[in-house]
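Given next are the chains, with one letter for each unit.
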Amino acid sequence: KTGKGRQAAMGSRIRAEDRGDDDTAPFLNGDAGTRDRDDKGLNDHAKKYEKPWVRYLLILGNPPPLTSRQWRVFSLLSLAGLFTTYDDTLKSVAVDEIQESLHIPDDSISYVIGLVRLGVILSVFFNLAADTHGRRPLLLATICGFAVMTAFTAFALNVYWFAIAQFFAKMFIQAEYLLSNISILEEFDVGTRGWALGAIASLCVMGSALCILAYGFIGAYPFGWRVLYAVGVLPLMILAYLRKNLPETRLFHHRQEQRADDAEAASSSSTPSATAAGALWRGDEKKERGG
């Protein structure tokens, strides 16, 4: 095919996926009826159902029926969003106590916060790596890395320690946010993606509210901000352990299989040509020796 032909075919395939009549539609829509796959946990329960208790969480609105696989992905990603937002909000809420405890001058605190926020730039490399190694291992790395940096922050002895720990914490939390959105888009069908993304955003707001409430109780104490950071580490470590049950997204796994099939087809098609070229080269070499 020519370049224009490939672009047209790709455009038709994307439009077919959006309509749900492409062969990847089962992976996007969570319907495994047309494809039975036993490898890597892709053969999950395709039957969609509601969880009645979710309705009592008013901030989540009216949740749609989801498959058990989709409920598992949503639970692990949304809880991570809640607790990571809690920790990310803490440095803004307790900035006065942090500044006093670490002896940060008034004319330097803005530079410290600015340096911390620069960590979002490095999060791009996590997203690039996720296209090669998968979303699941990178999501495991971000939650573990954020938990470790949060623990380091709780024991910071000076402004440099605090700034470096929060710089990398910001990097991990931004990568977590981006990869979570990508995972939702690749795992959920068109009719449920919007709800899933909105529900996760709502729970992130609840994480900020939880941080403010906790700060109201102990934030004013001398080591209050350190205690609040340390408390935030425990749920993050639990989530890091539970996230081992997070599956790779269906779309990414399907694309990897397609790439492997294409590479195998290209290799098999090039083998006869390579063999013929080798035979021709050996024949020419014999002629030269005979001459």
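About the criteria used
- Residues numbered from 1 in each chain as written.
- Predicted model: local features only at pLDDT ≥ 70, side-chain atom pairs only at ≥ 80, totals over all residues.
- Heavy atoms only, no water.
- Helix = DSSP H or I, 4+ residues; strand = E, 2+ residues; numbered from the N terminus.
- Buried < 20%, exposed > 50% of the residue type's maximum accessible area, 1.4 Å probe, protein only.
- Contact = heavy atoms within 4.5 Å.
- Phe/Tyr/Trp six-rings, centres within 6.5 Å; stacked < 30°, edge-to-face > 60°.
- Core = buried A, V, L, I, M, F, W, Y, C linked by side-chain atoms within 4.5 Å.
- Salt bridge = Lys/Arg side-chain N within 4 Å of Asp/Glu carboxyl O.
- Patch = residues over 30% accessible without salt bridge, like charges linked within 9 Å, V, L, I, M, F, W, Y side chains within 5 Å.
- Areas by Shrake-Rupley, 256 points an atom, 1.4 Å probe, with all protein chains shown as cover.
- Arc of directions from axis to C-beta.

Draft legend 1. Broad picture of the overall build of the protein chain. Each helix and strand counted, the protein chain has eleven helices and zero strands in total. Listed by position from the N terminus, the elements making up the protein chain come as α-α-α-α-α-α-α-α-α-α-α. Counting over 291 residues, the protein chain shows a buried share of 42%. The long-range fraction of contacts in the protein chain, counting pairs at least 24 apart against all pairs at least 6 apart in sequence, stands at 75%.

Draft legend 2. View of the packing of aromatic side chains. Going through the model one piece at a time under the given rule, you end up with seven aromatic pairs. Centroid distance W71 to F74: 6.3 Å. Interplanar angle 80°. Geometry classified as edge-to-face. Remark: F74 and W71 occur in helix α3 (residues 68–93); sequence separation between them is three residues, near one turn of the helix. Across the pair, exposure class does not vary: W71 and F74 are buried alike. Geometrically, the ring pair formed by F162 and W225 is edge-to-face, given 6.2 Å between the ring centres and 85° between the ring planes. Placement of F162 in helix α8 (residues 159–187) and of W225 in helix α10 (residues 224–242) is noted, with a sequence separation of 63 residues between them. As far as the burial class goes, F162 and W225 line up, both buried.

Draft legend 3. Fine view of the nonpolar core. Grouped together as the largest cluster of nonpolar side chains are 36 residues, with contacts concentrated most on F74, L77, F188 and W195. For this core, the secondary structure elements donating two or more residues are α3, α6 (123–133), α7 (135–154), α8, α9 (190–218) and α10. Counting residues in each nonpolar core, the second largest holds 18 residues, with Y86, A94, I109 and Y229 among its members.

Draft legend 4. Geometry of the pattern of salt bridges. A complete count under the given rule lists seven salt bridges for this structure. With a closest N to O distance of 2.7 Å, E186 and R135 form a salt bridge. One end of the pair, E186, is in helix α8; the other, R135, is in helix α7, with 51 residues separating them in the sequence. Pair check on accessibility: E186 and R135 agree, each one buried. Notably, a salt bridge pairs R243 with E176, separated by 2.9 Å at the nearest N-O pair.

Draft legend 5. Region of the structure containing the side chain of N127. Here N127 shows up in helix α6. Residue contacts for N127: discarding those within four places in its chain leaves L178, L179 and I182.

Draft legend 6. Here's a closer look at a nonpolar patch on the surface. On the surface, a cluster of nonpolar side chains totalling about 530 Å² of accessible area is made up of V148, F152, F155, L157 and W161. You can see L157 is positioned in the loop between α7 and α8. Judged by relative accessible area, which is 66%, L157 ranks as exposed.

Draft legend 7. Broad picture of the environment of L228. By the secondary structure assignment, L228 is in helix α10. Taking the C-alpha atoms as reference points, L228 and A214, 14 residues apart in sequence, are found 7.5 Å from one another. Those residues in contact with L228 that sit more than four places away from it in its chain are Y86, L90, A214, Y215, I218 and G219.

Draft legend 8. Main features of α6. Within α6, the full set of buried residues consists of S123, F126, N127 and A130. The buried residues of α6 occupy an angular sector of 100° when the element is viewed end-on, so they sit on one face. The exposed residues of α6 that point more than 90 degrees off its buried face are F125, L128 and T132. Backbone geometry just after α6 places G134 at a positive phi near 105°.

Draft legend 9. How the structure looks around the environment of L178. With respect to the helices and strands, the residue L178 is situated in helix α8. Residues in contact with L178, not counting those within four places in the same chain, are S123 and N127.

Draft legend 10. A look at unusual backbone geometry. Even without glycine at this site, H103 takes up a positive phi of about 55°. Note on H103: relative accessible area 69%, which makes it exposed.

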